[in-house]
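Structural characterization, general
One-letter residues, chain by chain:
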Amino acid sequence: MTSTSRPRVAVVGGSLTGPVTALLLLHAGFDDVTVFEAAPASAPLGGGLIGLEHPALDVLDRLDIGQHEFVAHDSEAIVQLTIRDRHPAETIRRTYPGRNTTWTLLHHALTRRLPTGVLHSGMKVTALAEQAGQPVLRFRDGQTAPADLVVFADGRSSTGRRLLDPDRTLRCAGYVAHRGIADITPQPGLRDFLRLQPCPGAQFNLAPVPGGCDWTFYLNCTITEYTQRFGADPTRRVFALPRHVSPAARAHVDTHADLLLPADHAAVVHATTTRMAVPVLDITAPDRMIWPVGGGHAVLLGDALAPVRPHTARGANNGIEQAAGLAAALTQHRKYAADLTAALHGWQRRHLPAAVHRGPVIGHQLGLGTHQPAQ
């Protein structure tokens, strides 16, 4: 990156971490920031429940995004129910150090604050090259974009990771997070996050969202079964959209809801028209976040760097906290001429994720990820 006060920053990925990164840099006085999103502006977007811990919530506060914009229910309670014979047998109540939101609410709160012209949709990155000593992004339509710093925040199937760190590939963990948003709830006035544990090899999470509830049903699934039910290998179809959910996949979830869940929760599953699925994936822990490209740099953030299992509730938190740390390091370089390479490596040392292993440990404790055929 040049030492001028106007470095060009290209952010790849318009989901959550990308817009957060762009907004932090814009608030810090960077005035040449562009976000490139592969999906066209007309593409239907959506996502499930997200838990944000206090450090991430504080970052959003600093961006003047009030919690009323993305938190529909301010309960901090996690109610964990052990289920036996489809009935609650034990209840444990915990306090979550944060708030729950949905991808849809948070994405809207972020992107509506991006100034006109910052977000460019339908821009699929195909290559990162060096030209005249600086990074240059190349897109599927033939366009190019030079930058001093390229920030890849493009999610679990990251193009940036494939280009910068190709030896680290995704692998299937052996189970699937089946998801849906229902317009009913299992009980009136539901405010808390519910976690139902009916047996090893299954977990059901449910939380209130505007107009109903969001649920996730974790069930074991082999690669072959996933391909049959959702039409592609799990490492290729990392999100199964509603159009990918086959009748067989729907019947599989409905059957297990009837076998394992209390009747009122099973009824929520049956009543859910629009469903999705996310294969749970693992990856080798990263040992770096920064790559030199000529006189510039490229970095990986959030799920682009290292997707974590959803049980850890760290996916969005990692991305937001890493983005805030990156913005702080770049600000020191811009305002006070701090050595950029040292600043970036200091950021890497502080934010390189050290808990990628937690997900497999939690999954093993729940009997998930056995790689045995689902019954």
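Below is a short write-up of the structure. Keep in mind that this is a model prediction, so the values were computed, not measured. (Residues numbered from 1 in each chain as written. Predicted model: local features only at pLDDT ≥ 70, side-chain atom pairs only at ≥ 80, totals over all residues. Heavy atoms only, no water.)

**Details of the nonpolar core**
As a reminder, the rule being used: For the purposes of this section, nonpolar cores are sets of buried Ala, Val, Leu, Ile, Met, Phe, Trp, Tyr and Cys residues that join through side-chain atoms within 4.5 Å. Accessible area is worked out with a 1.4 Å probe on protein chains only. A residue is then buried under 20% of its type maximum, exposed over 50%, and partly exposed in between. Here a strand is any run of E in DSSP of at least two residues, a helix any run of H or I of at least four, and the numbering for each starts at the N terminus. Domain boundaries shown here were taken from an automatic or database domain assignment. Every residue pair with non-hydrogen atoms within 4.5 Å of one another is taken to be in contact.
L52, L137, F152 and W347 are the most contacted members of the largest nonpolar core, which totals 70 residues. The element that contributes the greatest number of residues to this core is helix α9 (residues 315-336), accounting for eight residues. Each of domain 1 (9-70 + 102-169 + 285-363) and domain 2 (77-96 + 171-283) gives at least three residues to this core. Among all residues touching W347, those that are not within four sequence positions of it are M289, I290, V299, L300, L301, Q322, G325, L326 and A329.

**Looking at the pairing of strand β5 (residues 87-95)**
Here is the rule we go by: Between any two strands, at least two bridges found by DSSP are needed for them to pair.
In terms of burial, β5 is a largely surface element, zero of the nine residues being buried. Summarising the sheet, strand β4 (residues 77-84) and β5 pair through eight bridges and their orientation is antiparallel. Opposite I83, over in β5, you have P88 as the bridge partner. Where β4 hands over to β5, the hairpin turn is made up of two residues, of which D85 adopts a positive phi near 50°.

**Here we look at unusual backbone geometry**
The backbone of D64 sits at a positive phi, close to 60°, despite the residue not being glycine. With respect to the helices and strands, the residue D64 is situated in the loop between α2 (54-62) and β4. A positive phi is found at D85, a non-glycine position, where the angle reads about 50°. For D85, the position within the fold is in the loop between β4 and β5.

**Re the state of the cysteines**
The criterion, for reference: The definition used for a disulfide is geometric: two cysteine sulfur atoms within 2.5 Å.
According to the stated counting rule, one finds zero disulfides in the structure shown. As a non-bridged cysteine, C199 has C221 as the owner of its nearest cysteine sulfur, 16 Å distant.

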